[in-house]
Structure formats: structure tokens, C-alpha cells
Amino acid sequence: MHKPEQRTISQRVEYCNGEVVDLHCPFCGQLVMPSGEDPDMEMAPCAHTLYIATDAGFEHRSKTYDELMEIEGVANDDLDLGDATMDEFTDALEEPTVLKFAQYAPSPSLVGVYVGFGPFPVE
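Let us look at the structure shown here. Remember, it's a predicted structure, so these values are computed and weren't measured experimentally.

Thresholds applied
Residues numbered from 1 in each chain as written. Predicted model: local features only at pLDDT ≥ 70, side-chain atom pairs only at ≥ 80, totals over all residues. Heavy atoms only, no water. Pairing = 2+ DSSP bridges. Helix = DSSP H or I, 4+ residues; strand = E, 2+ residues; numbered from the N terminus. Axes fitted to C-alpha atoms, helices over the stretch in contact; angles between N-to-C directions. Salt bridge = Lys/Arg side-chain N within 4 Å of Asp/Glu carboxyl O. Buried < 20%, exposed > 50% of the residue type's maximum accessible area, 1.4 Å probe, protein only. Phe/Tyr/Trp six-rings, centres within 6.5 Å; stacked < 30°, edge-to-face > 60°.

## A word on the sheet that holds strand β4 (residues 49–54)
Part 1 of the argument: Spatially, the 5 strands line up as an open sheet ordered β1-β6-β7-β4-β5, and their pairing is mixed. For this open sheet the edge positions go to β1 (11–15) and β5 (57–61), each flanked by a neighbour on one side alone. Averaged over all pairs of adjacent strands, the angle between strand axes in this sheet comes to 15°, irrespective of strand direction.
Part 2 of the argument: Of the strand pairs in this sheet, β4 and strand β7 (residues 112–117) are connected by 5 bridges, and their pairing is antiparallel. Note that in β7 the partner of Ile52 across the bridge is Val115.

Shown next, in the form of C-alpha cells:
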């Protein structure tokens, strides 16, 4: 009997009710992605942040993420996502210990934000 190949994918938490919330690292608790209500707050990747991306592209990529995805040395503008959206591209990381948060901003922006964390310190 043939068993189908099983992919080992990252875990995912999705906020799809249109609410944008402060995003804290699940491993160290640092505020990484503020909700935007305070204009003085900026994103602040912690030692566990693999990537921060929006539908428009990456805002932050760690060396560890680049190695895991085999995209070292490829600039953001030169990444070939094929037919994939940024959401699908970041889902492609096959590492079960990684936790991805996806938030979808309400109208009028309708922008998705994707942040991946690993339980290990990243470079």
C-alpha cells in the first residue's frame, strides 16, 4: 500500500476578522509588530524573528530564514515567487517548529502581514 508523502509544514495562527493586533514573540514576549495605533512604535524583530513580510514584500529576513528557504544572497526585489502570493511563499517553509502569524488588515488597505518565529535564536 502506498502512503502519500506527508509535508512537514510550519504551524500557523491566522487573524482573519480584520482586526490588527500587537504581535509579540511567542518565545521571548518581545513586541515585534505593533498594531499601528501608536505612530511612534516601529517593528522590532527579536532574536526569534525569522521574517516579517507584507503582500508587497519582505520587511525583514533573517540569515537563518534565507538558509532554510535556500535564498541566501537573493535580494528582495529579485525573489521569484512564481505564481505564489507572499502568504503562500512564507507557508512553504517546511519546519514544524516555526510558528507563523498572519494578519489581514481591514479595508481600505486589505494588506496581509506575515511574521515567522523560530524557537531557536536566529541570525
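Next comes the rest of the account.
## Points about the pattern of salt bridges
Part 1 of the argument: For the coordinates displayed, the defined rule picks out 7 salt bridges.
Part 2 of the argument: The salt bridge partner of Asp66 is Arg61, with a shortest N-O separation of 2.7 Å. Take Asp66 and Arg61: they sit in the same class, and that class is buried.
Part 3 of the argument: Linked through salt bridges whose partners overlap, the residues forming this network are Arg12, Glu14, Asp87, Asp91 and Lys100.

## Comments concerning the packing of aromatic side chains
Part 1 of the argument: Taken as a whole and judged by the stated rule, the model has 6 aromatic pairs.
Part 2 of the argument: Measuring from centroid to centroid gives 4.7 Å for Tyr51 and Tyr65, while their planes differ by 50°, and the two rings are tilted. Within this pair, whereas Tyr51 is found in strand β4, its partner Tyr65 is found in helix α1 (residues 63–69), the two being separated by 14 residues in sequence. Side by side, Tyr51 and Tyr65 carry an identical accessibility label, which is buried.
Part 3 of the argument: A centroid spacing of 5.9 Å and a plane angle of 80° characterise the contact between Phe101 and Phe117, whose relative ring orientation is edge-to-face. A residue pair is termed long-range when its members are at least 10 positions apart, and Phe101 in strand β6 (residues 99–104) and Phe117 in strand β7 qualify at 16 residues. Comparing Phe101 with Phe117 shows no difference in burial state: the two are buried.

## A word on unusual backbone geometry
Part 1 of the argument: Residues other than glycine seldom take positive phi values, yet Glu70 does so here, at roughly 60°.
Part 2 of the argument: Assignment of secondary structure puts Glu70 in the loop between α1 and α2 (86–91).

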